[in-house]
Amino acid sequence: MGATTACGPAQGSGYRAVLGSPHVTGLLGDTLIGRLPTGTAPIAILLLFSGR
């Protein structure tokens, strides 16, 4: 039996291999920071109308 799956090689795949690629961690961090206002907007609106 070989070390391949239906999608491709099994060795070297996974989160560690993806995060080990150049520029991926920076891109992930920038994406999370960029989406932060979208996630905090409902909380900000709730606090605005609750009078705090």
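Structure report, in brief. Just so you know, these numbers come straight off a predicted model, no measurement behind them. (Residues numbered from 1 in each chain as written. Predicted model: local features only at pLDDT ≥ 70, side-chain atom pairs only at ≥ 80, totals over all residues. Heavy atoms only, no water.)

Further remarks concern the overall build of the chain. A tally of helices and strands in the chain yields two helices and zero strands. Taking all 52 residues of the chain together, the buried fraction comes to 2%. Just so you have it, the chain exposes about 5,000 Å², and 68% of that area is on carbon and sulfur atoms. (Helix = DSSP H or I, 4+ residues; strand = E, 2+ residues; numbered from the N terminus. Buried < 20%, exposed > 50% of the residue type's maximum accessible area, 1.4 Å probe, protein only. Areas by Shrake-Rupley, 256 points an atom, 1.4 Å probe, with all protein chains shown as cover.)

So, on to a nonpolar patch on the surface. Taken together, the side chains of Tyr15, Leu19, Leu28 and Leu32 make up a nonpolar region of the molecular surface, amounting to roughly 480 Å² of accessible area. If you list the elements that add at least two residues to the nonpolar patch, you get α1 (15-19) and α2 (24-50). Along the chain, tyrosine 15 turns up in helix α1. (Patch = residues over 30% accessible without salt bridge, like charges linked within 9 Å, V, L, I, M, F, W, Y side chains within 5 Å. Salt bridge = Lys/Arg side-chain N within 4 Å of Asp/Glu carboxyl O.)

Unlike most non-glycine residues, histidine 23 shows phi in positive territory, near 75°. Within the secondary structure layout, histidine 23 lies in the loop between α1 and α2.

The end-to-end C-alpha separation of α2 is 40 Å, in line with the 39 Å expected for 27 residues at 1.5 Å each. Residue alanine 41 marks the point of greatest curvature in α2, where the axis turns by about 35°; the proline proline 42 follows within four residues. Of all 27 residues making up α2, only zero are buried, and the element is barely covered by its neighbours. Backbone geometry just downstream of α2 places glycine 51 in the positive-phi region, at approximately 90°. (Expected span 1.5 Å × (residues − 1). Bend = angle between axes of the 7 residues up to and from the residue.)

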